[in-house]
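Fold and contact review
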Amino acid sequence: MEQRLTEEKVFKDPVHNYIHVQDPIIWQLINTPEFQRLRRIRQLGTSYLTFHGAEHSRFSHSLGVYEITRKIISQFERSHYSDWPKEEKIVALCAALLHDLGHGPFSHSIEEAFDMNHEDWTCRIIMGDTEVGAILRRYAPDFPEKIASVIQKTYEKPIVVNLVTSPLDADRMDYLLRDAYFTGVNYGTIDLDRILRMLRPYHGRIVVKESGMHAVEDYLMSRYQMYWQIYFHPVTRSSEIILRQIFKRAKTLVQQGFNFRFMLDPLPQLFEGELAVHEYLQLDEALIQTAFMQWRKEDDTVLSELCERFMDRRLYKYVEVEQIDVETIEEMREAFAKAGLNPEYDLEIDFPTDLPYDVFRPNESTDKQILLLDRQDQLHELSEVSDIVRSISGIHRGKHHLYYPQNKVDTILHELPSHLRPYFS
């Protein structure tokens, strides 16, 4: 029997106006230390160094994903759709709330630096000896495994996975709206209410009523624009590069037995790749930035300079190049080294790409498709019907960017071969 709170709890939210909590288990999960930690993890990593308003957290985003999922399920229940399994409501709500529980400081940057996956950590936290795990086990002994399988996309009922992870899921809809709001741009302002009204449970998955196609087109165009204007912004990429270099240098020094003046647990375990769940949960951005502040005083000049650059926002300059071959890059590295720079840290080549929407392919599974339901109850893959989606489908867009510390390169520019100087002047 479904339990309800004696009094509904609400969060005031700038994106959804109010977030409603009616189920005791959701309220209990929100108040765990593991979930509260997400207040100390920024949603957009280092984007705050580019867009000063982007200070919002994984906590607020996770609440938003929960709220969108709750609205979708409420609509299904009001409309009495027989294809929606009512008994899966709490599974879907818990998975939506907890889907980002395993994110680390600066999110994807730390994952790249240490070859980690936040979904793996999410599942370890959910199924581990944590308050979140205890609450889920009190609800049902196998509940942690159920929630983890939704995160891992292996849950026995794909319709639940669709709500949290799919090309048109609650996660993407919230982060587009939330990230647009806090960065101050208009690209992500999708018609959420229209999209939600057009969603239907159909034969074990979520589909879109055909009359909602234009709202979905707008959603995909918004996603396309947000990636290139916000998520792949070259200044943000510069800050991410420096952040990864700090982690790389610190990890190298730990492996070399360097005697740090300042080191906080669990950073040694992080650098050695031996983090337990309780140690991972100690990681937040306050701890990382405290370390960076102190590492500015370390005897290793590479580490101290990188930390100064990150903390004081003295980012690398970037230049955009249409094409650059491997031989030219290697020649640049050799020229940098000959001139006394460290090409491992003083030169970076970046090439961001994104695929806005995967075009239907005969051998591809339908979990990567957005399906439209027509009046004859026939399904059509979106790009088969939409000229707009077809025009952006399959596009891999992006240009190479060279990143380097301008103050250092300016001092050795005259030493570089003449045909390389135009790249840095």
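Every value quoted in this text rests on a predicted model; they were computed, and no experiment measured them.

1. Looking at the nonpolar core
Nonpolar side chains in soluble globular proteins generally cluster together in the buried interior. Core analysis: the biggest nonpolar cluster contains 120 residues, and L98, L136 and W295 have the highest contact counts within it. In terms of residue count, helix α12 (residues 213-231) provides more of this core than any other element does, 11 residues in total. Aside from chain neighbours lying at most four places away, what touches W295 is I246, A250, F260, F262, M263, L267, F271, L303, S304 and C307. One finds I329, F336, L413 and F424 within the second-largest nonpolar core, a separate group that totals 18 residues.

2. Brief notes about the pattern of salt bridges
Taken as a whole and assessed by the stated rule, the structure comprises 23 salt bridges. For the salt bridge of E67 with R70, the shortest nitrogen-to-oxygen distance reads 2.8 Å. Linking E67 with R70, this pair stays in helix α3 (residues 58-78), spanning three residues, or about one helical turn. Just as E67 is buried, R70 falls in that class too. The shortest N-O distance in the salt bridge between E344 and K248 comes to 3.9 Å. Taken as a pair, E344 in helix α19 (residues 343-346) and K248 in helix α13 (residues 234-255) lie far apart in primary sequence, 96 residues in all. Note on E344: relative accessible area 44%, which makes it partly exposed. A residue is classified by how much of its surface remains accessible, and K248, at 33% relative accessible area, is partly exposed.

3. Overview of the packing of aromatic side chains
Two aromatic rings, taken as a pair, are described by how far apart their centres are and by the angle between their planes. Inspection of every chain in the model, using the stated rule, returns 23 aromatic pairs. An angle of 65 degrees between the planes, with centres 5.2 Å apart, marks the rings of W228 and F232 as edge-to-face. Judged by its relative accessible area of 14%, F232 is buried. Here the aromatic rings of Y404 and F424 are separated by 4.9 Å at their centres, their planes lie at 80 degrees, and the arrangement is edge-to-face. In this pair, Y404 sits in strand β9 (residues 400-404) while F424 sits in the segment after α22 (406-412), placing the two residues 20 residues apart along the sequence. Y404 sits in the buried class, given a relative accessible area of 0%. The lysine or arginine in question, K12, covers the ring of Y18, its NZ or CZ lying 4.8 Å from the ring centre. Residue placement shows R39 over the ring face of F59; its charged tip is 3.8 Å from the ring centre.

4. Brief notes about the packing of helix α16 (residues 285-295) against helix α17 (residues 301-312)
Closest axis-to-axis distance for the α16/α17 pair is 8 Å, and the angle between their directions is 125 degrees. The angle between the axes of α16 and α17 places the two elements in the oblique class. In terms of crossing hand, the pair formed by α16 and α17 is left-handed. Between α16 and α17, the residues in contact are Q289, F292, M293 and W295 and L303, S304, C307, F310 and M311, respectively.

5. Let's talk about the UniProt feature "domain: HD/PDEase" (unreviewed entry) in the chain
The UniProt entry lists residues 54-185 under the feature "domain: HD/PDEase" (unreviewed entry), expressed in the numbering used here. A distance of 11 Å separates the end C-alpha atoms of residues 54-185, which is 66% helix and 0% strand.

6. A few points about the sheet that holds β9
In spatial order, the strands read β5-β9-β6; together these three strands make up an open sheet with antiparallel pairing. The sheet is open, and its two borders are formed by β5 (317-321) and β6 (348-350), each paired with just one other strand. Each strand of the sheet is rotated relative to its neighbour by a mean of 25 degrees, with strand direction disregarded. As paired elements, β6 and β9 share three bridges and run antiparallel to each other.

7. Overview of the sheet that holds strand β4 (residues 205-209)
The strand order β3-β4-β7-β8 describes an open sheet built from four strands, whose pairing is mixed. Here the strands that pair on one side only, and so sit at the sheet edges, are β3 (199-202) and β8 (379-381). Put simply, the sheet's adjacent strands are angled 45 degrees from each other on average, direction ignored. The pairing of strand β7 (residues 371-373) with β8 spans three bridges and is antiparallel. Of the residues in β8, the one forming a bridge with L371 is E381.

8. Considering α17
Its 12 residues place the ends of α17 16 Å apart at the C-alpha level, agreeing with the 16 Å of an ideal helix rising 1.5 Å per residue. For α17, every residue scored as buried is listed here: V302, L303, S304, L306, C307, R309 and F310. The inward-facing, buried residues of α17 contact α13, α16, α19 and α22. Trailing α17 by a residue or two, R313 shows a phi angle of about 55 degrees, which is positive.

What counts as what
- Just so you know, the residues in each chain are numbered from 1, in the order the chain's sequence is written.
- The model is predicted, so local features are restricted to residues of pLDDT at least 70 and side-chain atom pairs to those at 80 or more, both for listing and for counting; the totals for chains, interfaces and linings are taken over all residues.
- Excluding hydrogens and water, the side-chain values take into account all heavy atoms of the structure.
- The nonpolar core is taken to be a set of buried Ala, Val, Leu, Ile, Met, Phe, Trp, Tyr and Cys residues, with the residues joined through side-chain atoms within 4.5 Å.
- The buried label goes to any residue with under 20% of its type's maximum accessible area, the exposed label to any with over 50%, and the partly exposed label to all in between, with areas taken from a 1.4 Å probe on protein chains only.
- Strands are runs of DSSP state E lasting at least 2 residues, helices are runs of H or I lasting at least 4, and numbering of each runs from the N terminus.
- In this description, contact between two residues means that some pair of their heavy atoms is separated by no more than 4.5 Å.
- One side-chain nitrogen of Lys or Arg within 4 Å of one carboxyl oxygen of Asp or Glu is enough to make a salt bridge.
- Between rings of Phe, Tyr and Trp, where Trp is taken as its six-membered ring, a pair exists when centres lie within 6.5 Å; planes separated by under 30 degrees are stacked, by over 60 edge-to-face, and by other angles tilted.
- Criterion for a charge above a ring: Lys NZ or Arg CZ within 6 Å of the ring centre, and within 35 degrees of the ring normal.
- Axis lines are fitted to C-alpha atoms, over the contacting stretch for helices. Their N-to-C directions set the angle, which ranges from 0 to 180 degrees.
- Here the word oblique covers every angle except those under 35 degrees (roughly parallel), over 145 (roughly antiparallel) and from 65 to 115 (roughly perpendicular).
- Each crossing gets its handedness from the near helix: less than a right angle anticlockwise from the far helix is left-handed, clockwise is right-handed.
- UniProt positions are given in the numbering used here, feature names are shortened, and annotations may be inferred rather than shown by experiment.
- Strand pairing requires that DSSP identify at least two bridges connecting the strands.
- To estimate the expected span of a helix, subtract one from its residue number and multiply by 1.5 Å.

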